[in-house]
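Each chain, letter by letter, is given below.
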Amino acid sequence: MSIEDKLLKLFEIRNTDNYRAVVITGSGTAANESILSSVVGDKNILILSNGEFGERLYNISKVHNKNTSLLKFDWGEIFDLEKIETYLKDNDVDIISMVHHETSSGRLNSIEDIGALSRIYDTMFIVDCVSSAGAEVIDLEKCNISFCSSSSSKAIGSYPGTSFVIGKKDEFENLKNMPVKTTYLNLYKFYHFISSVSQTPNTPAVPLFFAFEQALLNILDEGVSNRHDHIHNMANLLRMGMKKMGLEFLINEDEMSSVLTTVHIPSHVDLELFKRRLKYKNIIIYDGKGPFKNKVFQVGNIGSITPIEIDFFLDAVKEVLQTFDTAPVLKHVPEFKKK
Ligand SMILES: Cc1ncc(COP(=O)(O)O)c(C=O)c1O
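Analysis parameters
- Residues numbered from 1 in each chain as written.
- Predicted model: local features only at pLDDT ≥ 70, side-chain atom pairs only at ≥ 80, totals over all residues.
- Axes fitted to C-alpha atoms, helices over the stretch in contact; angles between N-to-C directions.
- Helix = DSSP H or I, 4+ residues; strand = E, 2+ residues; numbered from the N terminus.
- Parallel < 35°, antiparallel > 145°, perpendicular 65-115°, else oblique.
- Left-handed = near helix turned anticlockwise from the far one by under 90°.
- Contact = placed C-beta atoms within 7 Å.
- Nonpolar A, V, L, I, M, F, W, Y, C, P; charged D, E, K, R; others polar.
- Pairing = 2+ DSSP bridges.
- Domains from an automatic or database assignment.
- Core = buried A, V, L, I, M, F, W, Y, C linked by C-beta atoms within 7 Å.
- Buried ≥ 20, exposed ≤ 12 C-beta atoms within 10 Å, placed from the backbone.

**Quick word on the packing of helix α9 (residues 224-244) against helix α11 (residues 307-322)**
Consideration 1: Contact pair α9 / α11: the axes reach a minimum separation of 10 Å and the direction vectors enclose 20°. Between α9 and α11, the angle falls in the class roughly parallel. α11 is crossed by α9, and the crossing has right-handed handedness. Along the contact surface, α9 presents Met234, Leu237, Leu238 and Gly241, while α11 presents Pro307, Ile310 and Leu314.
Consideration 2: A breakdown of the residues in the contact of α9 with α11 according to their chemical character gives six nonpolar, one polar and no charged.

Now the structure itself:
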């Protein structure tokens, strides 16, 4: 079974004859740029954004497509479907593009809702699934997704350096007549090579392809839904433990992805010291960016994580929090106050 077949299995595609997958040497951005430079032509593309990675889609599209528009929501904010629908009614939109898991906030945007709008308004739908593939259900068929991109290195669990695009076969075919805006990332060329000679247009990063294939095999051996459940369960353990310490999250748990938790920095905690003290215990947390800078930190739970690693992390955070003067927000565990 090829990498392509494994990818179609990972996405649990029912009508596999209607979909194809191509692998690209390059990180997730290469897959995004390959789609955005190859499928728009002179058409009108609308980017929906509620964070850093939505804005990146906009910036990539602007380089290649003169008719790029942006519907921008605050970072972390839920997409306002009414606003989006009004925009679609009032404007001539051929293509909608968005990020599934907006990694800057941890919010899982609804591909079901936007996919339904793309059907009603008869637009193509493109989704950046870089940080959700391998952890979340992405039903391309149900959500009317024409192309989605992702990377080997996040929830799929391989090394960085390869990415991929999965798309409807007829949409890949249509690319043949589109203006060519890049040579290296020309998506039609990837499709043409995989379908005619089972190869990539240029020298692939062969060792990374082998590693990627093995990571996919690992997920298929475990079972796709078992893998999703495991990641989800680890996120729940992590979140329960942090809530017990009184930590509070940026967004509601049921609106988060299962791979990332964005946590408010308690007001008495100096982030740099917090990070340094955790790093001393071999733990790296991520800073918030943009409007979240110095307001939140982010904890990811992808990779071979078991309850042992979660406990290790929670113990370390608890110890480090105790080194700051005042106890953190305590409303969830009054007994912590007694210490
Ligand atoms: C949602 C999303 N899109 C795109 C990217 C860019 O991917 P890469 O850094 O692999 O090019 C990232 C990286 O974190 C991401 O989270």
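**Some remarks on the sheet that holds strand β12 (residues 296-300)**
Consideration 1: Strand order in the open sheet made by the three strands is β10-β12-β11, with antiparallel pairing throughout. The strands lining the two open edges of the sheet, one partner per strand, are β10 (260-264) and β11 (286-287).
Consideration 2: Looking at chain direction, β11 and β12 are connected through two bridges and run antiparallel. Bridge pairing links aspartate 287 to phenylalanine 297 in β12.
Consideration 3: The strands that α9 touches are β10 and β12; relative to β10, the one it contacts most, it runs at about 10°.

**Some details on the packing of helix α1 (residues 3-10) against helix α8 (residues 206-222)**
Consideration 1: At a minimum axis separation of 10 Å, α1 and α8 run at an interaxial angle of 35°. Two packed elements cross with a definite hand, and for α1 against α8 that hand is left-handed. Across the interface between the two elements, Ile3, Lys6, Leu7, Lys9 and Leu10 from α1 touch Phe209, Phe212, Glu213, Leu216, Leu217, Ile219 and Leu220 from α8.
Consideration 2: Of the residues that constitute the contact of α1 with α8, the class distribution is nine nonpolar, no polar and three charged.

**What about the domain arrangement of the protein chain?**
Consideration 1: For the protein chain, the assigned domains are domain 1 (3-222) and domain 2 (224-337).
Consideration 2: Just the C-alpha atoms count here: the centres of domain 1 and domain 2 sit 30 Å apart.
Consideration 3: Tallying the contact residues gives 23 residues for domain 1 and 22 residues for domain 2.
Consideration 4: Of all the secondary-structure elements, those providing two or more residues to the side of domain 1 that touches domain 2 are β6 (107-108) and α8.
Consideration 5: A breakdown of the residues in the side of domain 1 that touches domain 2 according to their chemical character gives eight nonpolar, nine polar and six charged.

**Describing the nonpolar core**
Consideration 1: Membership of the largest hydrophobic core comes to 83 residues, with the highest contact counts inside it found for Leu7, Val22, Val39, Leu48, Phe164, Val165 and Ile166.
Consideration 2: When residues of this core are assigned to domains, at least three map to each of domain 1 (3-222) and domain 2 (224-337).
Consideration 3: In this structure phenylalanine 164 touches Leu7, Ala21, Val22, Val23, Ile24, Ala31 and Ser150, once residues within four positions along its chain are discounted.

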